[in-house]
Amino acid sequence: MNKYRLLLFVSLLIIPALLFSRDEGRKIIILHSNDMHSRLEGYSPSTEYSPLTINDDLTVGGFSRIAGIIDREKSLNADGVLVVDAGDFLMGTVFHYMEEYNGFQLRLMKEMGYEVVAIGNHEFDYGSSKLAGIIGESVKNGSIPKLMLSNAEFDKDDPGDDEFEALFNKGVIVRTSIIERAGVRIGFFSLLGKDADEVAPLAKPLSFGKQIKYAKEAVRKLKSENAELIICLSHSGIGMGKNGEWSGEDVKLAEKVKGIDLIISGHTHTTLREPLLVKETAIVQTGAEGRNIGRVELIERDGKFELDSYRLIPVNDEVAGVKSVQDKIEKQKELVAEKLFKPLGYNLTAPLVKSAFELICDEYGGDLPNSNLGPMVADAIRAYINNAGPGTDITMVATGVIRDRIAEGVLTIQDVFRIMSLGSGKDNIPGYPLATVYLTGSELKKVVEILLVASKSKPSNYCYYSGIEVGYNPDKGLLRKVNTMNIIDAEGNKLPVDTDRRNNKLYSVSANAYMLEFIGIIKKTTFGLVNVLPKNSDGTPVSNMSNSIIDFDPAAEGIQEGKEWIAMVEFLKSMDDSNGDGIAELDEFYRKPPLRIIPVNQ
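Side chains of strand β13 (residues 262–265) alternate between two faces, with Leu262 and Ile264 and Ile263 and Ser265 buried alike. As paired elements, β13 and strand β15 (residues 281–284) share three bridges and run parallel to each other. Bridge pairing links Ile263 to Ile283 in β15.

Looking at the element boundaries, Glu443 is found in helix α13 (residues 441–457). The exposure class of Glu443 is buried, given its relative accessible area of 10%. Looking at Glu443, its side chain comes within polar contact range of the side chain of Lys535, at 2.5 Å. Ignoring anything within four residues of it in the chain, the contact list for Glu443 reads Asn531, Val532, Leu533 and Lys535.

So, about unusual backbone geometry. Residue Ser44 follows Tyr43 across a cis peptide bond; omega there is 0°. Residue Pro205 is reached from Lys204 by a cis peptide bond, and omega for that bond is 15°. Phi is positive for Ser38, close to 55°, though the residue is something other than glycine. With respect to the helices, strands and loops of the structure, Ser38 is situated in the loop between β1 (24–33) and α2 (63–77). With a phi close to 55°, Asp302 is a non-glycine residue in the positive phi region. Position of Asp302 among the secondary structure elements: in the loop between β16 (292–301) and β17 (304–314).

Contact geometry for α2 and helix α10 (residues 323–341): axes closest at 8 Å, N-to-C directions at 160°. Relative to α10, α2 is oriented roughly antiparallel. As for how α2 packs across α10, the hand of that crossing is right-handed. Residues Phe63, Ser64 and Ala67 of α2 form the contact with α10, whose participating residues are Val325, Gln326 and Ile329. A breakdown of the residues in the contact of α2 with α10 according to their chemical character gives four nonpolar, two polar and no charged.

Reading guide: rules and limits
For every chain, the first residue of its written sequence is number 1, and the numbers climb from 1 along that sequence. Local features are withheld for residues below a pLDDT of 70 in this predicted model, meaning they are given only at 70 or higher, and side-chain atom pairs are given and counted only at 80 or more; totals for whole chains, interfaces and linings count all residues. Each side-chain value is worked out from all heavy atoms of the structure, with water and hydrogens disregarded. Only protein chains enter the accessibility calculation, which uses a 1.4 Å probe; a residue whose area is less than 20% of its type maximum is buried, one above 50% is exposed, and one in between is partly exposed. In this text, helices come from DSSP runs of H or I with a minimum length of four residues, and strands from runs of E with a minimum of two, each type numbered from the N-terminal end. Strands are labelled as partners when DSSP assigns at least two bridges between them. Here a polar contact is recorded for every N or O atom pair within 3.5 Å, except that within protein the pair must consist of a potential hydrogen donor and a potential acceptor, and residues adjacent in sequence are included only if both atoms are side-chain atoms. We call two residues in contact whenever any of their non-hydrogen atoms come within 4.5 Å of each other. Comment: axis = line fitted to C-alpha atoms, over the contacting stretch for helices; angle = value between 0 and 180 degrees taken between N-to-C directions. When describing relative orientation, an angle under 35 degrees is termed roughly parallel and one over 145 degrees roughly antiparallel, while 65 to 115 degrees is termed roughly perpendicular and anything else oblique. Note on convention: near helix rotated counterclockwise from far helix by under a right angle means a left-handed crossing. Clockwise means right-handed. Each residue is assigned to one of three groups, with Ala, Val, Leu, Ile, Met, Phe, Trp, Tyr, Cys and Pro labelled nonpolar, Asp, Glu, Lys and Arg labelled charged, and all others, Gly among them, labelled polar.

Written out as structure tokens, the structure is:
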């Protein structure tokens, strides 16, 4: 049995007489979420979401339903309920676009009942200054929950994080906090973990200190302030190892730091239906995107608080939403539609495409090589660049930026946006800009080889391609896996790629600019062992990757960026409408598309 698996109600195994002789006192209920990613409305598809009525749709999530759960728990438990979140509350839907303009979501969470919210890596997707602006706008327009980030470290020589630091000085963001509830002093602190740090490059010059060090300092401080319970909101995470044992940064945290009663975990999107017990610390996590709300009940026995029960509350159509919350969300959606989608010529809520099957790309435990969504996204990007842009040979998309699925039913742009929602460019339109670099056949092979290896340790690096077919032997070593590479032209012909180092023929490779940055630093990340030099179309080295961003309208002033989500919208709406109902139908080809990265044992 997993040594870190906590069996619920373990006290039932103790002699009943001993159990009932213990004095029970105060009770605290913690409702918690993590990795909400601005999922203000339920999904999917959005056309079926009906939060104010029950038992009439299959969608999950939605803030008005979560508000209903919070209201119910508070009505049943008087003043003994606390509602908290473990980070990545922003970024992932059309709603995050408006945050810098009116700071809506944090104010809504406060109204719903959230009292403490940790800051995760995706809050920094637009940079620490932009996040500071979002928080400042939220505070200016109303009340927000207490924000926490205990291991933030500021750069004294770089003013780039000064606005964010000012929020600490004003007490808007804190490192520790004590909240009294039902007569119990509950201490909180929060951490942003190592892996979360690595995927938050735009947070710089802000950095994040070692978790163990800051956790020990926080525990000492909270104990000195007479905290009776200590809870860590840790945006670090846990995972199941190949040996069947739970591991990860939050397990190490519980092993090395005494005095933490409860770790509310986030970042890894792990659904824990039972808590983990590591030494004397319980660890919980709800999954992600508001599918569940966690409920932890702690009871005082003989002067010490113990975990009495834990469960996940599904946020589904069995829960009636709160109308006042949903009304505010609807008004915010109208603002998003008017400010972002109308100028682009899109109707946010109009039917876009009908799918008779589900398309999935699940970074957390899915069968990535056989995903049907990944290849479709890559094809959509290639079609968009070839039809509306300068054209390209190959497109690439990494699993880590594919954030949702396509469900059966009628989808709107709102559903499609969620799939490729990350990033921003310089045009004030969300989404990473598309870019193109040029590589020789030898360099292209190196890139594919490196990505094949990188995905083994980090599934978010698994890559999908369009315009190329690769045969590889998974049993071979580094730079020896790829056997064959063929470019697939517009007519479907296979054109062999000459990978001889003496061949200078260039191939155009397109992806979002964030991913192409990886190609530019391969030499650095492999300590000089693998050299790939991204080039312009004339063969000159790319001196600045931002110069590789595709201009989709060279006649217009500035660079007219292309986005992955726009590529998907255009690709989907171009599909056939066989029954003439005015809604395109998702091509059956993508029910099970053929592999583009083909394992060949030879």
